[in-house]
Amino acid sequence: MSAYFKNKVVVVTGGTDGIGKALVENLLQAGAKVATCGRDHDKLYRIQSSYPSAFLHTMLADVSNENDCRRFIEVTIKMFGGIDILINNAGISMRALLKDASPDVIKKVMEINFFGAVYCTKFALDSIIERKGTIAGVSSIAGYRGLPGRSGYSASKFALQGWLESIKIELKDSGVHVMWVCPGFIASNIRKASLNKDLKSHGDTTMDEGKMMSAEECAGHILRAVEKKKRTLVLTATGFQTIFLNKFFPKLADRLVYKFYFKNGELVK
Ligand SMILES: NC(=O)c1ccc[n+]([C@@H]2O[C@H](COP(=O)([O-])OP(=O)(O)OC[C@H]3O[C@@H](n4cnc5c(N)ncnc54)[C@H](OP(=O)(O)O)[C@@H]3O)[C@@H](O)[C@H]2O)c1
């Protein structure tokens, strides 16, 4: 990793698992001062005890709660003096058809994936403007293409990208860089943690995590994109193909998405 991140203050929401955890670890190795949050005290404690506290600040905060975000960002600024880079990574998915799901499932996913990014960005904004820093969102291929059984997830990622694109233009003359990254399938806890129709963790997946890109590799790509101030980053060949097909051959994409996500009429989870 280059010297770009050395002594920079980087906030990564949801840094206790998967892509967020790999981002935190890579950033610490690169000499950054890192702040991260999550909802699970034990997972936060484990990551905090592995690294010297002068460079890592962890805090219990649920990004769907505006006050938690305010406190998390305020304490981070107090500890490290400001924020250079915010990576809105915390996210959750769902596995339920609209006909079965409580609307609360879609609301919850939106509150975490979309409003969580809005709250953290809003509270960090003055500091990021002061430092001419970067605001990044971890979106998804689902932010370009609606996916069955994951309708709230797709909606939240479409919203995230539209919102980031809007504020990118608002911030054009401020020196702040705004970007979003769209991973394809990455091995992580996201499928197991997905909410089912009753707002409970799904706890299982039929997908083969072993065949997916690792969270560590994904984090490396994300950090290189942040360093190069890319506008967007799309990851995995399948992810790229999906976006391409959806843009130029949307009806074909509809058929392929159906084929992939329904087996014998049953939703693939
Ligand atoms: N893995 C993929 O295939 C994939 C593909 C495209 C995009 N993404 C995106 O990548 C991001 C990271 O996902 P991942 O795959 O690394 O998932 P993961 O392994 O499930 O990790 C998610 C992280 O977010 C935290 N989190 C979830 N809800 C939170 C909340 N309300 N407040 C604070 N933290 C919260 C989790 O900690 P707690 O549960 O302890 O709160 C955990 O640290 C997400 O935005 C996801 O949509 C993932």
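Our structure is the block above this text.
First, a word on what this report is: a plain description of the structure on this page. Computed from a prediction, not measured in an experiment: that's the story for all the values here.

With respect to the overall build of the protein
A tally of regular secondary structure across the protein gives nine helices and nine strands. A total of 269 residues make up the protein; the buried ones form 43% of that total. The contacts of the protein with a sequence gap of at least 6 include a subset with a gap of at least 24, amounting to 71%.

Regarding helix H7 (residues 215-227)
With 13 residues, H7 should reach 18 Å at 1.5 Å per residue; the first-to-last C-alpha distance of 18 Å fits that figure. Of all the residues in H7, the buried ones are Ala215, Cys218, Ala219, Ile222, Leu223 and Val226. The buried residues of H7 occupy an angular sector of 130° when projected down its axis, which confines them to one face. In this fold, the buried residues of H7 make contact with helix H1 (18-29), strand S4 (85-88), strand S5 (134-138), strand S6 (177-182) and strand S7 (232-234). Positioned one or two residues after H7, Lys229 has a phi angle of 50°, which is positive.

Concerning unusual backbone geometry
One non-glycine residue with positive phi stands out, namely Lys132, at about 50°. For Lys132, a count of 12 C-beta atoms within 10 Å corresponds to the exposed category. For Lys229, which is not glycine, the phi dihedral falls at a positive 50°. Considering the arrangement of structural elements, one finds Lys229 in the loop between H7 and S7.

Section: the packing of helix H3 (residues 66-80) against helix H4 (residues 103-130)
Where H3 contacts H4, the axes come no closer than 9 Å and their chain directions differ by 30°. As the angle between them shows, H3 and H4 are arranged roughly parallel. The handedness of the crossing between H3 and H4 is right-handed. Across from Glu66, Cys69, Arg70, Ile73, Glu74 and Ile77 in H3, the residues of H4 making contact are Gly116, Tyr119, Cys120, Phe123, Ala124 and Ser127. Tallied by class, residues from the contact of H3 with H4 come to seven nonpolar, two polar and three charged.

Examining the sheet that holds S7
One open sheet accounts for seven strands, arranged S3-S2-S1-S4-S5-S6-S7; its pairing is parallel. With partners counted over all chains shown, the strands left at the sheet margins are strand S3 (56-60) and S7, one partner each. With strand direction ignored, the average angle separating the axes of adjacent strands in the sheet is 15°. Across three bridges, S6 lies against S7 in parallel orientation. Bridge pairing links Trp180 to Thr232 in S7. Helix H5 (residues 151-170) rests against S5 and S6 of the sheet, and its axis sits at about 160° to S6.

Focus on the pairing of S5
For S5, the tally of buried residues reaches five of five residues, placing the bulk of the element in the interior. Bridging between S4 and S5 involves four bridges; their strand directions are parallel. From the neighbouring strand, Ile87 faces S5, where its bridge partner is Ala136. Crossover connection from S4 via H4 to parallel S5: handedness right-handed. Of the pairings in the sheet, the one linking S5 to S6 comprises five bridges and is parallel in character. If you follow Ala136 over to S6, its bridge partner there is Met179. Read as a crossover between parallel neighbours, the route from S5 over H5 to S6 is right-handed.

Remarks on the environment of Val268
Relative to the elements of secondary structure, Val268 occurs in the segment after strand S9 (266-267). A count of 13 C-beta atoms within 10 Å places Val268 in the partly exposed class. Along the primary structure Val268 and Cys218 are separated by 50 residues, whereas in three dimensions their C-alpha atoms are 24 Å apart. Those residues within four positions of Val268 in sequence are excluded, and the remaining contacts are Thr206, Tyr261, Phe262 and Lys263.

The rules we used
Residues numbered from 1 in each chain as written. Predicted model: local features only at pLDDT ≥ 70, side-chain atom pairs only at ≥ 80, totals over all residues. Helix = DSSP H or I, 4+ residues; strand = E, 2+ residues; numbered from the N terminus. Buried ≥ 20, exposed ≤ 12 C-beta atoms within 10 Å, placed from the backbone. Contact = placed C-beta atoms within 7 Å. Expected span 1.5 Å × (residues − 1). Arc of directions from axis to C-beta. Axes fitted to C-alpha atoms, helices over the stretch in contact; angles between N-to-C directions. Parallel < 35°, antiparallel > 145°, perpendicular 65-115°, else oblique. Left-handed = near helix turned anticlockwise from the far one by under 90°. Nonpolar A, V, L, I, M, F, W, Y, C, P; charged D, E, K, R; others polar. Pairing = 2+ DSSP bridges. Right-handed = clockwise from strand over helix to strand, strands pointing away.

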